[in-house]
Amino acid sequence: MTELRGIYTLWLREVKRFIRDRVRVIISFVQPLLWLVVFAAGFSARIAIPGIDYQQFLFPGIIGQTLLFTAMFMGISVIWDKEFGFMKEILVAPVSRFSIFMGKMLGDSTAALLQGVIVFVFGFLIGIPFNPLTLLAALPLMLLITVGLVSIGLIIASFIGSLENFGAIQTFINLPLFFLSGALFPTTGDSIPGWMQFASKLDPLAYGVDALRTVILGPAWTPNNPLYVNLAIIAIFDLVMIGIGTWAFSRMKK
Amino acid sequence: MSPVINTSQLTKAYNAFKAVDDLNISVDKGEIFGLLGPNGAGKTTTVSMLCTILKPTSGSATVDGHDIVKESSKVRKSIGIVFQDPSVDDRLTGRENLLMHANLYSVPVSMQRDRIAKVLKLVELEDRADDLLRTYSGGMRRRLEIGRGLIHQPKVLFLDEPTVGLDPQTRDHIWRYIKDLKEANEITVVLTTHYMDEADRLSDRIAIMDHGKIDVLDTPQRLKETLEGDVVDIKSNDNKVLQELLATWLGFVNQRIEKDSLKVTVPNGKTVMPRIVELANQNNLYIESIVLREPNLEDVFLHYTGGSIRDDTTKELHGLSAIHRRAIR
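Attention shifts here to the packing of aromatic side chains. All names here are of chain A. Tallying each qualifying case throughout the model produces 13 aromatic pairs over all chains. Pairing F59 with F120 gives two aromatic rings, centres 5.8 Å apart and planes at 70 degrees, and the pair type is edge-to-face. Of the two residues, F59 is situated in helix α4 (residues 54-74) and F120 in helix α7 (residues 97-125); the sequence distance between them amounts to 61 residues. Neither residue differs from the other here; F59 and F120 are each classed as buried. Measuring from ring centre to ring centre gives 5.8 Å for F159 and W247, while their planes differ by 40 degrees; the resulting arrangement is tilted. Of this pair, F159 sits in helix α8 (residues 132-159) while W247 sits in helix α12 (residues 227-250), placing them 88 residues apart in sequence. We classify F159 as partly exposed; its relative accessible area is 43%. With a relative accessible area of 49%, W247 lands in the partly exposed category.

Here is the structure:
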């Protein structure tokens with residue numbers, strides 16, 4: 001009970017902080033918009049995906065990207081807390097490190113998820129048919145994807161002391177995960193070099209994007225893996241990351 | 001009285017360097033225990049071990065009867081900590097910070113409202129409780145932190161340099177809280193500080209710490225008494241020569257030069273003062289002023305740690321950086 005309360009308390013704090021930062025919530029609209037409008041307009045003439053309009057193909061990818069970027073960005077809260085001393089208050093509390101990690105992770109995941117939902121709804125405004133049932137179906141999947149990604153951000157942040165370093169490392173991880181995920185172009189098929197097909201298989205987000213397409217595009221999309229395989233792989237990835245995260249947090253001193 | 005804190009050969013080593021070296025102290029219930037020493041003396045390391053933030057390299061300690069390594073969770077429940085550096089969430093309001101703390105320390109929900117109201121009253125922040133912390137001044141944040149440390153009604157409150165970087169008025173204010181606290185709540189307070197006046201005013205007993213060891217431990221009064229006699233402060237045109245003369249001709253051993261004055265500790269100041277002046281005159285030294293006073297804690301401190309306060313400059317820097325850290329938030 002103590003532990004659950006600890007998790008809830010830390011979750012609530014992250015969510016409150018996120019919601020109060022309105023500027024960030026609004027600005028984070030802009031990037032997905034650029035991808036969906038500008039990038040899609042230029043790229044759709046170059047790339048042909050059988051049976052699907054390129055913008056429609058891109059849409060689940062950009063949702064995945066939004067989750068990835070927001071999730072990784074949330075790791076900054078750990079550095080912020082270390083910098084301003086609040087981490088000490090949390091670390092000396094009579095709450096286990098597992099709960100501290102879970103509270104922060106779930107709070108940041110909620111924030112990333114909200115960001116993803118905003119983009120989801122927003123897709124309707126630029127002509128991507130919006131179906132509330134699809135959103136409902138996609139929500140648990142989005143959460144599943146986010147958990148592992150947020151964990152990566154938190155784990156890295158727990159090792160890093162400064163904001164600058166975190167920013168550099170974040171980009172270093174974000175872009176490969178994004179490019180190899182199949183969000184922008186298919187990473188399977190004869191025209192894709194073998195090394196990239198292989199690298200894409202190591203990218204956790206690739207399974208997330210594939211699953212998102214299965215849920216959002218329905219039968220129009222031919223998935224790389226069956227949905228349950230994607231879900232299982234993401235879930236295993238999440239569990240491993242939670243394990244590493246708990247370990248990373250238990251070695252944190254301040 | 002039974003000891004609330006007991007350490008036995010408590011040691012924290014970083015490779016060859018011993019930050020805390022073979023520490024044996026016991027703190028009684030209800031007292032304010034001052035750990036006085038320059039920066040780097042090992043005070044914060046000691047407190048960090050007692051608060052279960054750091055694991056000792058060797059030795060052991062108990063807080064409120066719980067072992068700091070084996071029962072760290074129980075220790076955490078029975079202590080409150082006010083850290084040297086700020087540790088509040090400035091994006092939340094004062095009340096939210098307190099509520100979060102109450103939840104982390106599992107204060108029953110039915111009691112939370114009451115306790116928060118009491119604490120806010122104690123630190124006089126009732127009217128600012130619902131403002132974001134980023135709008136608070138440094139002193140107000142510090143007060144909130146002290147209040148926060150009390151929400152779960154700890155048996156022991158650790159205050160690590162509670163007034164660093166604060167203006168004299170706020171310091172005075174905070175000292176009053178700490179005094180009142182102890183009287184009203186029967187709480188045990190462990191205070192670390194490098195301010196003599198702070199230790200002197202607040203502590204029931206003071207341990208002077210340097211290089212990871214306790215040099216001496218006693219009440220402020222008795223510590224001052226151990227320096228038997230008086231201190232004579234002399235300002236002359238050549239303190240160094242005067243110091244040698246006094247050592248050679250009058251046999252004064254306990255002397256030191258600090259800034260522009262020579263401080264001599266002697267059994268009977270009244271009778272030696274004329275002889276000092278006479279000796280100076282005979283050797284063509286000019287004495288600007290000569291003052292007789294009782295030893296203060298600073299004299300005691302210097303007597304036991306030897307030499308001058310080695311962190312004179314870092315102390316300032318430390319204070320400044322603390323202010324800076326508060327300011328940039």
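So, about the confidence of the model for chain B. Looking at chain B, pLDDT values average 84 and 92% of them are 70 or higher. Confidence drops under a pLDDT of 50 for residues 308-329 of chain B, and excluding neighbours within four residues, the segment shows 38 contacts in the predicted structure.

We now examine α4 of chain A. Residues and elements named next belong to chain A. Between its first and last C-alpha atoms α4 spans 30 Å; for 21 residues at 1.5 Å apiece the expected length is 30 Å, and the two agree. Along α4, the largest kink reaches about 25 degrees and is centred on P60. Across the 21 residues of α4, 18 count as buried, placing the element largely inside the fold.

Now for the sheet that holds strand β14 (residues 261-266) of chain B. Residue and element names in this part refer to chain B. As summarised here, the arrangement of the four strands in space is β13-β14-β12-β15, forming an open sheet in which the pairing is antiparallel. Edge positions in the sheet fall to β13 (255-258) and β15 (287-293), since each of these pairs with one other strand and no more. Across this sheet, the average inter-strand angle for adjacent strands is 20 degrees, counted without regard to direction. As paired elements, strand β12 (residues 230-236) and β14 share five bridges and run antiparallel to each other. Its bridge partner being in β14, V232 is matched across the sheet by V264. Of the strands in this sheet, β12, β13 and β14 are in contact with helix α9 (residues 239-250), which crosses β13 at around 175 degrees. The sheet strands contacting helix α10 (residues 269-282) are β12, β14 and β15, and the helix crosses β15 at an angle near 165 degrees.

The rules behind each value
- Numbering of residues starts from 1 in each chain and follows the order in which that chain's sequence is written.
- Numbering of ligands from 1 and lettering of chains from A proceed in the order in which they are written.
- pLDDT decides what is reported in this predicted model: residues at 70 or higher carry local features, side-chain atom pairs at 80 or more are listed and counted, and totals for whole chains, interfaces and linings draw on all residues regardless.
- Where side-chain values are given, they derive from all heavy atoms of the structure, hydrogens and water being excluded.
- Ring geometry is summarised as follows: Phe, Tyr and Trp rings, the Trp one being its six-membered ring, pair when their centres sit within 6.5 Å, and such pairs are stacked at plane angles under 30 degrees, edge-to-face over 60 and tilted between the two.
- For the purposes of this entry, the term helix denotes a DSSP run of H or I that reaches at least four residues, the term strand denotes a run of E that reaches at least two, and both are numbered from the N terminus.
- Relative accessibility decides the category of a residue: with a 1.4 Å probe and only protein chains considered, values under 20% of the type maximum give buried, values over 50% give exposed, and everything between is partly exposed.
- For every residue, the pLDDT score states the predictor's confidence, bounded by 0 at the bottom and 100 at the top.
- The contact definition used throughout considers only heavy atoms, calling two residues in contact when any of these lie within 4.5 Å.
- Multiplying 1.5 Å by the helix residue count minus one yields the expected span of that helix.
- What is called the bend at a residue is the angle between a pair of axes, fitted to the seven residues leading up to and ending at it and to the seven starting from it.
- Here, strands pair whenever DSSP counts at least two bridges between them.
- In this analysis an axis means a line fitted to C-alpha atoms, helices contributing only their contacting stretch, and an angle means the value between N-to-C directions, from 0 to 180 degrees.

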